[in-house]
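This is what each chain is made of:
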Amino acid sequence: MASGVGVHDDCVSKFQELKLGHKMSYIIFKLADDLSEIMVEKTGEPGTPYNDFAAALPKDDCRYAVYDFTYEQAGGGGQRSKILFVLWSPDTAKIKSKMLYTSSKDGLRKCLVGIQTEIQATDSSEIDYETVLDKVTRGGTTA
């Protein structure tokens, strides 16, 4: 990793529980207080609504998050699910925090195999449900 920050083993094991076992709907990751590694901060119960997940992100600090995003496919194609990775870097966060989270993202992202959509958000409008739904149904990443 460019930043020298490691990824705690619990990050990968919790992700596997979300991806394979659907034992939670989201995971929020943070940098440890000593900035040495990325760790799990919080998880959400299965079925947690997307808006509750978005509200769980801090207003003034950066985080990484994974959400099991479920939606109805257009044209009556049934329910679909995609794993969403979010780099939350609000405009109000300290510059050092933004730099550390951005430079450490790839290390975590590479450990979480199976993510289908990635979003980099700086304010709540970029993680709004409709914005994310549009991104997920088109595929790819947004910055």
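First, a word on scope: everything that follows refers to the structure included in this document. Note that the structure is a prediction, hence the values are computed from the model and not measured.

### Let's talk about helix H4 (residues 129-138)
Of all the residues in H4, the buried ones are Val-132, Leu-133, Lys-135 and Val-136. An end-on view of H4 places all buried positions within 165 degrees of arc, on one side of the element. Set apart from the buried face of H4 by more than 90 degrees, the exposed residues are Glu-130 and Arg-138. For H4, the N-terminal cap is Asp-128; the gap from its side-chain oxygen to the backbone nitrogen of Glu-130 is 3.1 Å.

### Here's the deal with helix H3 (residues 95-111)
With 17 residues, H3 ought to run about 24 Å at 1.5 Å a step, and its terminal C-alpha atoms sit 25 Å apart, in line with that. Along H3, the sharpest change in direction is near 40 degrees and occurs at Lys-105.

### Focus on the pattern of salt bridges
Inspection of every chain in the model, using the stated rule, returns seven salt bridges. Linking Lys-30 and Asp-33 is a salt bridge whose minimum nitrogen-to-oxygen distance equals 3.7 Å. According to the relative accessible area criterion, Lys-30 is buried, its value standing at 18%. Residue Asp-33 is classed as exposed on the basis of its relative accessible area, which comes to 74%. Across the salt bridge formed by Glu-118 and Arg-109, the nearest N and O atoms sit 2.8 Å from each other. Taken together, the shared-partner salt bridges in this structure form one network comprising Lys-105, Asp-106, Arg-109 and Glu-118.

### Re the pairing of strand E5 (residues 79-88)
Examined bridge by bridge, strand E4 (residues 63-72) and E5 share 10 bridges and lie antiparallel to one another. Of the residues in E5, the one forming a bridge with Phe-69 is Lys-82. Counting the residues between successive antiparallel strands, the hairpin from E4 to E5 contains six residues, one of them, Gly-75, with a positive phi of roughly 75 degrees. In the sheet, E5 pairs with strand E6 (residues 117-121) via five bridges, with the strands oriented parallel. What sits directly across from Leu-87, in E6, is Gln-120.

### Here we look at the environment of Tyr-67
Tracing the backbone through its elements, the reader meets Tyr-67 in strand E4. In this structure the C-alpha to C-alpha distance between Tyr-67 and Ser-25, which are 42 residues apart in sequence, comes to 5.9 Å. Each residue touching Tyr-67, except ones within four places of it in the same chain, is listed here: Ser-25, Tyr-26, Thr-48, Pro-49, Tyr-50, Phe-53, Lys-82, Ile-83 and Leu-84. At 3.1 Å, the side chain of Tyr-67 forms a polar contact with the backbone nitrogen of Tyr-50.

Basis of the calculations
Residues numbered from 1 in each chain as written. Predicted model: local features only at pLDDT ≥ 70, side-chain atom pairs only at ≥ 80, totals over all residues. Heavy atoms only, no water. Buried < 20%, exposed > 50% of the residue type's maximum accessible area, 1.4 Å probe, protein only. Helix = DSSP H or I, 4+ residues; strand = E, 2+ residues; numbered from the N terminus. Arc of directions from axis to C-beta. Polar contact = N/O pair within 3.5 Å; in protein donor to acceptor, adjacent residues only side chain to side chain. Expected span 1.5 Å × (residues − 1). Bend = angle between axes of the 7 residues up to and from the residue. Salt bridge = Lys/Arg side-chain N within 4 Å of Asp/Glu carboxyl O. Pairing = 2+ DSSP bridges. Contact = heavy atoms within 4.5 Å.

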